[in-house]
Amino acid sequence: MGAKKQVIADLPSGVGVYGDSKKGWRVRLGSRFTGGLPQRKRFDTLQEAREWIFGQGQKEASKMPVLAMKKEAGESAFALNASQLQEAINAFKRLSAVELGLTEAVSYAISHLRPAGGSITLAEASKKVLEIKKQQGISEKHLKGLTSIFDRISDDLGKEKLSAFSRESLEAWLAEQDDITLATKASYARHVHILFAEALERGWCVINPAQKLTRNSSTDGDIAVWGVKQMAELLEAAKTHEPHLITGLAIKAFAGLRTSELLRLDWAQVGDKKIQVLGKNAKTRRSRGIEIQENLRQWLDYKPVDRTGLVVGLSENGWHDAVQRLCETAKISMPSNVLRHSFGTYHYYKTKSETLTAYELGNSPGVVLAHYRAVAVKDADVTGWFEITP
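Visitor: Any chance you could explain the overall build of the chain here in plain terms?
Guide: The helix and strand tally for the chain stands at 18 helices and five strands. Looking at the chain as a whole, 42% of its 390 residues qualify as buried. The contacts of the chain with a sequence gap of at least 6 include a subset with a gap of at least 24, amounting to 61%. Summed over all atoms, the accessible surface of the chain reaches about 21,000 Å², with 51% contributed by carbon and sulfur.

Visitor: Would you mind going over the nonpolar core with me for this structure?
Guide: A general tendency of soluble globular proteins is for nonpolar side chains to be buried together. Ranked by internal contacts, the top residues of the largest apolar core, which has 49 residues, are M231, L249, I251 and F254. Of all the elements, helix α11 (residues 246-255) adds the most residues to this core, at seven residues. Among all residues touching I251, those that are not within four sequence positions of it are G256, L257, L262, L265, I275, L296, L300 and V311. Counting residues in hydrophobic clusters, the runner-up holds 27 residues, among them L122, A125, C205 and A210.

Visitor: Help me understand helix α15 (residues 338-351) in this model?
Guide: Along an α-helix, a turn takes 3.6 residues, which lines up residues three or four apart on a common side. Counted at 1.5 Å a residue, the expected span for α15 with its 14 residues is 20 Å, and the 20 Å between its end C-alpha atoms agrees. Summarising burial for α15: 11 of the 14 residues are buried, a large majority. All of the buried residues along α15 are V338, L339, R340, H341, S342, F343, G344, T345, Y346, H347 and Y348. The inward-facing, buried residues of α15 abut α10 (228-241), α11, β5 (288-291), α16 (354-361), α17 (365-372) and α18 (379-384). Where α15 terminates, the next one or two residues include K352, which has phi positive at roughly 60°.

Visitor: Just to check I follow, could you spell out the sheet that holds strand β2 (residues 25-29) for this structure?
Guide: Whenever strands of a sheet pair, they do so through backbone hydrogen bonds, lying parallel or antiparallel. Here we have three strands laid out as an open sheet, ordered β1-β2-β3, and antiparallel in their pairing. The sheet terminates laterally at β1 (15-19) and β3 (39-43), the two strands that pair on one side only. Going from strand to strand, the sheet's axes swing by 20° on average, the running direction of each strand aside. As judged from the five bridges shared by β1 and β2, these two strands associate in the antiparallel manner. When the sheet's bridge partners are listed, V17 is paired in β2 with V27. Strand contacts of helix α2 (residues 46-54): β1, β2 and β3, with the helix running at about 20° to β2, the strand carrying the most contacts.

Visitor: Just to check I follow, could you spell out the packing of aromatic side chains for this structure?
Guide: Any two aromatic rings considered together are summarised by their centre-to-centre distance and by the angle between their planes. On inspection of all chains with the given rule, the structure shows eight aromatic pairs. Arranged with centres 5.9 Å apart and planes meeting at 25°, the rings of W173 and Y188 form a pair that is stacked. Separated by 15 residues along the polypeptide, W173 in helix α8 (residues 167-175) and Y188 in helix α9 (residues 182-202) bring together distant segments of the chain. In this structure W173 comes out as buried when scored by relative accessible area, which is 1%. The exposure class of Y188 is buried, given its relative accessible area of 6%.

Visitor: What is the right way to read the side chain of E176 from this model?
Guide: If you trace the backbone, E176 turns up in the loop between α8 and α9. A distance of 3.0 Å separates the side chain of E176 from the side chain of K252, its partner in a polar contact. Every residue in contact with E176, bar those within four places of it in the chain, is listed here: K252, R258, T259, S260 and N337.

The rules behind each value
Residues numbered from 1 in each chain as written. Predicted model: local features only at pLDDT ≥ 70, side-chain atom pairs only at ≥ 80, totals over all residues. Heavy atoms only, no water. Helix = DSSP H or I, 4+ residues; strand = E, 2+ residues; numbered from the N terminus. Buried < 20%, exposed > 50% of the residue type's maximum accessible area, 1.4 Å probe, protein only. Contact = heavy atoms within 4.5 Å. Areas by Shrake-Rupley, 256 points an atom, 1.4 Å probe, with all protein chains shown as cover. Core = buried A, V, L, I, M, F, W, Y, C linked by side-chain atoms within 4.5 Å. Expected span 1.5 Å × (residues − 1). Pairing = 2+ DSSP bridges. Axes fitted to C-alpha atoms, helices over the stretch in contact; angles between N-to-C directions. Phe/Tyr/Trp six-rings, centres within 6.5 Å; stacked < 30°, edge-to-face > 60°. Polar contact = N/O pair within 3.5 Å; in protein donor to acceptor, adjacent residues only side chain to side chain.

Now the structure itself:
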């Protein structure tokens, strides 16, 4: 079909309407009209194209015609490129679920990500707080205890900006400290609270995400374990919504790595038969080799990637945010540390060896027995867990 231009009368300068090869109509807003890059939109009927350009009566603001849009906002209404427009559309979709406007969300983000006292990392804040406490004259014993725990926390979370933390990300980190007692875990929570309380006072952050962390050891040590169906649903959802998470999720579920170990894992440590967790990256500071199960091998080969550098390439908060986003999108409820706990449980029941399971998890046999021996599991899940494939 030849091009049919000016089939609608009174088109403003820079706007054209053409018949296209799909027997529809294409509107082109030229640079003379937009003041920037040209824009195109296709319509099935000429009437739809006309309504988009001129409008039909008084339509709602969300369907404002382009002439009214230009009159209202000027050429800036057409200044966004395609990727920016798509990002804005996605933002509006996500914000509508929580009844927030874009301006409100941006204002919140600016105030939280650019706090009045400056944007600093957790490691930087730890050093500043220790110096403050020292100047306040706390005892050497107390200072030594603070330093020890702050150093342990900073090993995992030190590079993260204070403004990036949420209660959920801190709870996820605490849940992964499965090589310590509940009393020690509660002590970590108290010290994280001390750190953020001081940071809030100094203007380094605008909220204290540790405010409601459990800071006592009265809770039980029961764990959550998934069945085959739940794990398969998570990986299927990741294929659609967050494909960059697939490799990391599979390694956690079928090799049992902690998140901190996963995020430090380099492809150089992923062999044909073993995944090597370097001592410098392990919680226990001891190297270990984890057998690559056959189904994990298939997940590692599922999506061809450049096998150089870090396997995941996300920060601790970036990982938790992406997993939370996946779960929200797919409407999946994911208990803390459930992938590692599921691996430990099924590996123990498959091998009948707390020693081998403890080695691969980087824990003690006592921790394995305390966590996993009493879990009620189905035989189908024990065998089926390591048969979940792409």
